[in-house]
Amino acid sequence: MKLQVIGDPVLHSKSPAIHTAMLGALGLDVPYTARVVRRGELSQYLIWARENGVTGFNATMPHKEDLIPLLDEVDPAAQTVGAVNTVCLRDGRWMGFNTDGAGAVAALQDGLGLDPAGRTVTLLGAGGAARAVALALSQAGTERVYVCNRTAARAEELCARDPSGRLTPAAFDGATLRKCAARSQLLMNCTNLGMEGCPSQFENFSFLDALPPGAAVFDLIYHPNQTELLAQAKRRGLKTLNGLPMLVWQAVLALERFLNRPLDRPAMAVAAAKVLAPSGQ
Ligand code: NAP
């Protein structure tokens, strides 16, 4: 058995360290390595992987969507999201899953003690991560998710994927963000704003003032460890969570898929989080 993460770029990925830590905690000597696979090279990679004993891999940029038509089977949740991040070889068949959304929901529960069922959420962004998270929030029974995005058509397209009617597209201007925030117990940033290397930043943070007392702010970004959004939320006494717990939990759920058996999830999350502690970064 061999496991990999593929992408381009991928050599910066924390997945090898996280999975190696979890496999070590299970007493399994399974190699997990990073491999650069460029756009357009997926079909050759699937052949190479099969011939070289790779029985599972994670996929990152730019492959999450392109993989779908190349796999033998895709889990219904991943099909709805339109992206896979975890692929396993089972009985000679490539099967695709997406653990990003469930990883975010698990991170919410673990990191903030927040069950999204019955809650109203303001979700910023409508890209790949936002799609996985919004659909997982809907499946977890949220009352409503306002999907606020700069490009209105993308927010509308995302919400149309969810048959439950719980997702509502919204604009990204200050007035709309404040209106949505006032009704929400949780605000999630699924945009690139505040990420290291992203030249743009939120124009202002007044939407945070509209959140009710006791609300939480979850930023999917983990580079930097604390974004300006989280710093501003903390200053206002709001609960905060960065993207590291989601990174950990999507990996725990991926490892369950690779090994095809349930794991002691909290123990795996502890093993994975250790390698992401400040000294391990
Ligand atoms: P993506 O598909 O490229 O989507 C980017 C989103 O950001 C889009 O909604 C885009 O809006 C919005 N955006 C970009 N620049 C903007 C600006 N100047 N003003 C307003 N909106 C802007 O990226 P992604 O894969 O979804 O990733 C989004 C973030 O999530 C990244 O920071 C990534 O690191 C993080 N992430 C974290 C984890 C984790 O495990 N913690 C997992 C996945 C992703 P438009 O539609 O208008 O372009």
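Rules behind the numbers
Numbering of residues starts from 1 in each chain and follows the order in which that chain's sequence is written. Reporting of local features is limited, given that this is a predicted model, to residues whose pLDDT is at least 70; pairs of side-chain atoms are given and counted only at 80 or more, and all residues count toward the totals for whole chains, interfaces and linings. Where side-chain values are given, they derive from all heavy atoms of the structure, hydrogens and water being excluded. Secondary structure elements follow DSSP: runs of H or I of four or more residues count as helices, runs of E of two or more count as strands, with numbering from the N terminus. The globule rule used here is 2.2 Å times the number of residues to the 0.38 power, and the radius of gyration it is set against is calculated over C-alpha atoms. We call a residue buried when its accessible area falls under 20% of the maximum for its residue type, exposed when it is over 50%, and partly exposed in between, using a 1.4 Å probe and counting protein chains only. The contact rule is simple, with two residues in contact once any of their heavy atoms fall within 4.5 Å. Calculation of accessible area relied on Shrake-Rupley with a 1.4 Å probe; when residues are assessed, cover is drawn exclusively from the protein chains displayed. Note on aromatic contacts: the rings of Phe and Tyr and the six-membered ring of Trp form a pair at centre separations within 6.5 Å, being stacked when their planes are under 30 degrees apart, edge-to-face when over 60 apart, and tilted otherwise. Definition used: whenever NZ (Lys) or CZ (Arg) falls within 6 Å of the ring centre and also within 35 degrees of the ring normal, the charge is taken to sit over that ring. The salt bridge criterion pairs a side-chain nitrogen of Lys or Arg with a carboxyl oxygen of Asp or Glu, the two atoms within 4 Å.

Q: Can you help me understand the overall build of the protein in this one?
A: The helix and strand tally for the protein stands at eleven helices and twelve strands. What you see for the protein is a C-alpha radius of gyration of 19 Å, in line with the 19 Å of a compact globule of 281 residues. Seen through its C-alpha atoms, the protein measures out along the principal axes to roughly 55 × 40 × 35 Å. Counting over 281 residues, the protein shows a buried share of 50%. Looking at the protein alone, contacts between residues at least 24 apart form 64% of all its contacts between residues at least 6 apart. Summing over all exposed atoms, the protein offers an accessible surface of approximately 12400 Å²; the carbon and sulfur share of this is 50%.

Q: Sorry if this is basic, but what is going on with the packing of aromatic side chains here?
A: We describe a pair of aromatic rings using the distance from one ring centre to the other and the angle between the two ring planes. Applying the stated criterion across every chain yields a total of seven aromatic pairs. On the numbers, 5.1 Å between centres and 90 degrees between planes, the contact of Tyr45 with Phe57 is edge-to-face. Here Tyr45, found in helix 2 (residues 42-51), pairs with Phe57, found in strand 3 (residues 54-59); they are twelve residues apart in sequence, far enough to count as distant. Here Tyr45 matches Phe57 in class, with each residue buried. Its end group placed over the ring of Trp48, Arg35 keeps NZ or CZ at 3.7 Å from the ring centre.

Q: How should the pattern of salt bridges be read in this particular structure?
A: Opposite charge on two side chains makes pairing possible when the charged atoms of those side chains draw close. Overall, the coordinates contain eight salt bridges when judged by the stated rule. Among the salt bridges present, the one from Arg161 reaches Glu157, with a minimum N-O distance of 3.0 Å. The exposure class of Glu157 is partly exposed, given its relative accessible area of 40%. Salt-bridge contacts for Glu256 lead to Arg265; the nearest nitrogen and oxygen are separated by 2.8 Å. Using a relative accessible area of 13% as the deciding quantity, one classes Glu256 as buried.

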